[in-house]
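Secondary and tertiary structure notes
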Amino acid sequence: RKNMGFGHCKPQNTFLHDSFQNVTAVCELLSITCKNGLHNCHQSLKPVNMTDCRLTSGNYPQCRYSTAAKYKFFIIACEGNPTITISFSGDIKGST
Ligand SMILES: *[C@@H]1O[C@H](CO)[C@@H](O)[C@H](O)[C@H]1NC(C)=O
Ligand SMILES: *[C@@H]1O[C@H](CO)[C@@H](O)[C@H](O)[C@H]1NC(C)=O
């Protein structure tokens, strides 16, 4: 029910179970290269719980998703100074 697209069903969305403050703090960490080749990505110091939602069926606004709980490090892209935009870039295998 949460921000899953406007006018269409978003194919995939990931929710980080963390505070906004904790996520933005990751923007202050060392930069790494993003999948798109830019260098404004940052990896979390600790794994966090997250919920991965993948579209299975339905038409907007009746989008149906399957969900998967994960415990992983995450990578985000941060833009602006001070940081204004953050987008989720991916996750990498956690320690558990
Ligand atoms: C934010 O980070 C602190 C320190 O790691 C942690 O104790 C706290 O649980 C985190 N907040 C949330 C909402 O997960
Ligand atoms: C992550 O989720 C698991 C399973 O629900 C829970 O046992 C654990 O306490 C959570 N960890 C954090 C850091 O919130």
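Residues numbered from 1 in each chain as written. Chains lettered and ligands numbered in written order. Predicted model: local features only at pLDDT ≥ 70, side-chain atom pairs only at ≥ 80, totals over all residues. Heavy atoms only, no water.

Per an unreviewed UniProt entry, the chain is named Ribonuclease K6, and its organism is Callithrix jacchus. The Subunit (unreviewed entry) field of the UniProt record for the chain holds the comment "Interacts (via N-terminus) with bacterial lipopolysaccharide (LPS)." Database annotation for the chain, UniProt heading Sequence similarities (unreviewed entry): "Belongs to the pancreatic ribonuclease family." (UniProt positions renumbered as here; feature names shortened; annotations may be inferred.)

This brings us to the overall build of the chain. What the chain contains, in helices and strands, is one helix and six strands. When the helices and strands of the chain are placed in sequence order, the string is β-α-β-β-β-β-β. Within the span of the chain, comprising 96 residues, buried residues form 30% of the whole. For the chain, long-range pairs separated by at least 24 residues make up 49% of all intrachain contacts whose partners lie at least 6 apart in sequence. Counting every atom, the chain has about 6800 Å² of accessible surface; 53% of that belongs to carbon and sulfur. (Helix = DSSP H or I, 4+ residues; strand = E, 2+ residues; numbered from the N terminus. Buried < 20%, exposed > 50% of the residue type's maximum accessible area, 1.4 Å probe, protein only. Contact = heavy atoms within 4.5 Å. Areas by Shrake-Rupley, 256 points an atom, 1.4 Å probe, with all protein chains shown as cover.)

So, about the state of the cysteines. Under the definition given, this model contains three disulfides. Through a disulfide, Cys9 is tied to Cys63; the S-S separation comes to 2.3 Å. With the S-S dihedral at roughly -85°, the linkage between Cys9 and Cys63 falls on the left-handed side. With a gap of 54 residues between them, Cys9 in the segment before strand 1 (12-16) and Cys63 in the loop between strand 4 (48-57) and strand 5 (64-79) connect regions that are remote in the sequence. Sequence-ordered numbering of the bonded cysteines in the chain gives a disulfide pattern of 1-5, 2-6, 3-4. (Disulfide = S-S within 2.5 Å.)

Residues in contact with ligand 1, as listed here, are His17, Asp18, Ser19, Asn22 and Lys46. Measuring from an oxygen atom of ligand 1, one finds a side-chain N or O atom of Asn22 at 2.3 Å. Between Lys46 and ligand 1, the recorded distance is 2.3 Å, taken from a side-chain N or O atom to an oxygen atom. Notes on ligand 1: free accessible area 360 Å², of which the protein chains cover 37%. Taken together, the residues that form the shell around ligand 1 break down as no nonpolar, three polar and two charged. (Near = heavy atom within 4 Å. Polar contact = N/O pair within 3.5 Å; in protein donor to acceptor, adjacent residues only side chain to side chain. Nonpolar A, V, L, I, M, F, W, Y, C, P; charged D, E, K, R; others polar.)

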